[in-house]
There are 2 protein chains.
Amino acid sequence: MNWDSGYFLEKGKKLYPEFHETVCRPLPETEPDKELWMRCGSSFTLDFGTHLVGYVTLKVACDHAPDSPLQAVFEFAEDRCEFDPAPYKGGLSSSWIQRETVFSDNALEPLSLPRRYAFRYLRITFPANTAYQVRYVSCEARAVTSADMSAVAPLPEGTSEAVRKIDEIAIRTLKNCMQSVFEDGPKRDRRLWLGDLYLQAKANYLTFKNTDLVKRCLYLFAGIPHENGCLSSAIFQEPILMNQSWILHDYALFFAGCLKDLYEFEGDREVVRELWPVAFRQAEIASEAVNEKGLVDPAYYFVDWCAPLDKTAAAQGIAVAMLKDTLFLAKVAGDAKAQAYLEAQIERLSGALMSLYDRERKLFAAPGGQISVQSQMWGILAGVLDETEVKDTLTALGKLTAADGLVDTVTPYAKHYYVDALLKGGFRKEAEKLIMDYWGGMAEKGADCFWEVYVPDQPDLSPYGDKRINSFCHAWSCTPTYFIRKYGIK
Amino acid sequence: MNWDSGYFLEKGKKLYPEFHETVCRPLPETEPDKELWMRCGSSFTLDFGTHLVGYVTLKVACDHAPDSPLQAVFEFAEDRCEFDPAPYKGGLSSSWIQRETVFSDNALEPLSLPRRYAFRYLRITFPANTAYQVRYVSCEARAVTSADMSAVAPLPEGTSEAVRKIDEIAIRTLKNCMQSVFEDGPKRDRRLWLGDLYLQAKANYLTFKNTDLVKRCLYLFAGIPHENGCLSSAIFQEPILMNQSWILHDYALFFAGCLKDLYEFEGDREVVRELWPVAFRQAEIASEAVNEKGLVDPAYYFVDWCAPLDKTAAAQGIAVAMLKDTLFLAKVAGDAKAQAYLEAQIERLSGALMSLYDRERKLFAAPGGQISVQSQMWGILAGVLDETEVKDTLTALGKLTAADGLVDTVTPYAKHYYVDALLKGGFRKEAEKLIMDYWGGMAEKGADCFWEVYVPDQPDLSPYGDKRINSFCHAWSCTPTYFIRKYGIK
């Protein structure tokens, strides 16, 4: 590792963002009758009208001097499904469930919860058999974000309501994930993941334009790499900054993609110069981890949550695409030696990727023959096909269905790259349809923010064994605003 | 109301005490193995060796980066019976139950609970299915009290172990109730009750000698009377100082008793001069509330928790005793007019009390004929009998049992006055036996502090319908140290 991680860490810490706060109140029609005295099991559910991330304060009045503590249970939900009382059966820790039981020694004092929650709905219950009764006075949420809504340009005239709606939800998703770093989801994990950051930063340049927050995240990643210089797939934030042990080469390689995007947006050569050794090291690590055929090991690649997927071709496509972004940075950094190394690696890995391309069927196939959307999209984004081949591939892909054994994308994250591949291949109509069907489908189902998981015909799908632990505001699903604004979708 | 309650309130607030803190650790043999990794339902119970009142901090270590919040359930218990998992069926609010479910967003940080608890035992459970495991590092309690242990004189040589033990428990009871006011019980209520204060102050003069705290409480009571000048039976403390609506004439009258005790201990005539109008008003109110026979209305008197008790004679005794204390204060204050008024009232009420004295049986009887310990003890403490009659009454009482229809005392509070009456009547042996049997009985049953409720043959008795909500460290039970030290019991 040939860089000063302590310096990067300090630089990342110094870029701690300013926060924007908004006071949010529940929809009046969901507030309990303010004349209603409650006690012992009384419960009501507030709807704040839209998803928010922040802090809550409840005020109640008492019918006489409160002679015992007030017990209040707060259940926060991004989606109403989280109120399902069935026992939790998920694999992720139940401690993510946003349910607090609070005792206030003075019921007359505003009850402010110290932790941050992500929610639209809030159910409040008073379980204790107190001698006094309480009535609801107010509940206020202090929503927080480091995104500046005033920086977002209005959509052009003539933009359809449907597109406006999707854009609005996408922006809210991004905004609510923008905290002291770009979080993956504000309800759960709350971690800075490199794969999510890569997409969030893209959407951010076309909306909030907060380049400092992107830089902060890049410097933090550069500041706490693994021993061999490989970047963490994710890092934990304050109060104890630390990296996640899980190694993902695609995520590590996205560091270069993210740095390239930042440079293209802002033109700050100094940042590239400083972070260049970090970006290059990821390319070296990924290049060194190929087999004798020049193929990467898919076990080190995330690609998508899709159990049946053979990731080989898609992972190979990611590696090639990101090696190319790294080459771009080598040129900006003026590192001729690295440039030569990268060109050789790109050639070798591209050749291996093309060995998976079935020139007759015009499709990338995994070594065992599996055809997937993921393989096609990353094969295209790797830029190893000529223009005609791209079109042929997308056309061939468009004719396949699950009945043909086609493996489809599962996450909005993977769907992003498919839309990107369609747009790069000139299939704009198909790309727009995919956005309107997929993200528009969530909007039609009442989403305030775009979800971590959405497979239209599997509404209860969860990678964690319990839908209630899914994130309903998830960073990697925020990119429709990027497409809408970059391509002028109306 | 002829006094400036605002002035008294300010004076009471200014007497906010200094606190003494002690760091307490659990008995090492009750700490879990520090090598033991725990998760998902793991539980252990710490024993801090003795009852304490204070704040708790738990430290755990994690086997790897904690990737989700830590959920910890803290169950505090003064007595092990509080761990009984049966559903709570008590009448008092369940929000007094000392059970907290806490989520820490950073499991590596010491987990400090913000509320104060009264406990000896602490069960900690980690219910969540976290991916990481935790191991116990330490649990520390910061015990708080406004009592200064260094002010307590050692008992004289030759004092028996049994007496020392009772004295120690009584002092701990008082100490743990001494916070920003004299609380009735640090687990539940935590209120300044006038009846409890009266006894606490007596024990305090012979132990901690914190006269400022007594003054603070008297000034606070004087600062928030009811509209007619009647003092509250109890007041709530910070952050919102307010009085309790319940009117108890015995408690209001104890203001004079408490002020007299303070003057006798300290000789501060200025305090008596200032608070004299308050004390006198209570005597007026009690005197005005008598019927045509000169008898008080027992509905305004607490006396004891004893459902079958006809309180008439006991209430009358309390009124007379306290009118006499008020007369004492009138003399100190030099209020001749009040003196004359009080002498007349004492004569009238004493006459009515004597009308309840059966001169043949040498016993006080309630109007319906009921004979109770409470009636005898307060009849004696009222000072309406001559020395021979007192002895005769105590002798006659000593021969009665429940089989004769005798109603006995229920609370340690009432038991105090019985011991006092025995000592005043020269029945020292019987008084000592009562202390050793009754408070000593609690000690033998493992009490760290003396209990709110103790009836030897009814171990599960609760005035609230559930023993677990009883207070196991209760102010009004602290007086053995008063008797031991005042009468040199060895």
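Position numbers for residues start from 1 in each chain and track the written sequence from start to end. Written order decides the labels, with chains lettered from A and ligands numbered from 1. Totals for whole chains, interfaces and linings use all residues, but because this is a predicted model, local features are given only for residues with pLDDT of at least 70 and pairs of side-chain atoms are given and counted only at 80 or more.

1. Remarks on the interface of chain A and chain B
Throughout, a pair of residues is in contact if the C-beta atoms placed from their backbones lie within 7 Å. Every contact between the two is made by 27 residues of chain A and, on the other side, 27 residues of chain B. Breaking the side of chain A that touches chain B down by element, the ones donating at least two residues are β3 (70–77) and β4 (99–104) of chain A. Its residues placed into classes, the side of chain A that touches chain B shows 13 nonpolar, eleven polar and three charged. In this description a helix means any DSSP run of H or I spanning at least four residues, a strand means any run of E spanning at least two, and both kinds are numbered starting from the N terminus. Residue polarity follows a fixed list, in which Ala, Val, Leu, Ile, Met, Phe, Trp, Tyr, Cys and Pro are nonpolar, Asp, Glu, Lys and Arg are charged, and the others, Gly among them, are polar.

2. Some words on the pairing of strand β2 (residues 42–62) of chain A
Residues and elements named next belong to chain A. What makes two strands pair is DSSP finding at least two bridges between them. One ladder, built from nine bridges, connects β2 with strand β6 (residues 117–126); its direction is antiparallel. When the sheet's bridge partners are listed, leucine 52 is paired in β6 with phenylalanine 119. Inspection of the sheet shows β2 paired to strand β7 (residues 134–145) by nine bridges, in the antiparallel sense. Paired with cysteine 62 across the two strands is valine 134, which belongs to β7. Pairing analysis gives two bridges linking β2 to strand β5 (residues 111–112), with the strands arranged antiparallel. Directly across from leucine 58, in β5, lies its bridge partner leucine 111.

3. A few points about the domain arrangement of chain A
Residues and elements named next belong to chain A. Where a domain begins and ends is set by an automatic assignment or by a domain database. The domains assigned to chain A are domain 1 (20–145) and domain 2 (152–486). Contacts between the two partners involve 20 residues from domain 1, matched on the other side by 19 residues from domain 2. Listing elements by their share of the side of domain 1 that touches domain 2, those giving two or more residues are β2, β6 and β7. With four residues, β2 is the largest single contributor of residues to the side of domain 1 that touches domain 2. Looking at the side of domain 1 that touches domain 2, its residues break down into eight nonpolar, six polar and six charged.

4. Notes on the nonpolar core
Each nonpolar core consists of buried Ala, Val, Leu, Ile, Met, Phe, Trp, Tyr and Cys residues. Their C-beta atoms, within 7 Å, join them into a set. Any residue whose C-beta has 12 or fewer other C-beta atoms within 10 Å is treated as exposed, any with 20 or more as buried, and any in between as partly exposed, C-beta atoms being built from the backbone. Among the nonpolar cores identified, the biggest contains 153 residues, and Leu194(B), Cys217(B), Leu218(B), Phe255(B), Leu259(B), Ala279(B) and Ala319(B) are the most heavily contacted of them. Of the residues forming this core, the biggest block, 14 residues, is contributed by helix α7 (residues 312–333) of chain B. Built from parts of two domains, this core gets at least three residues from each of domain 1 (20–145) and domain 2 (150–487) of chain B. Ignoring anything within four residues of it in the chain, the contact list for Cys217(B) reads Val181(B), Phe182(B), Leu192(B) and Leu197(B). Judged by nonpolar contacts, the second largest core, of 151 residues, contains Ala128(A), Leu197(A), Cys258(A) and Ile346(A).

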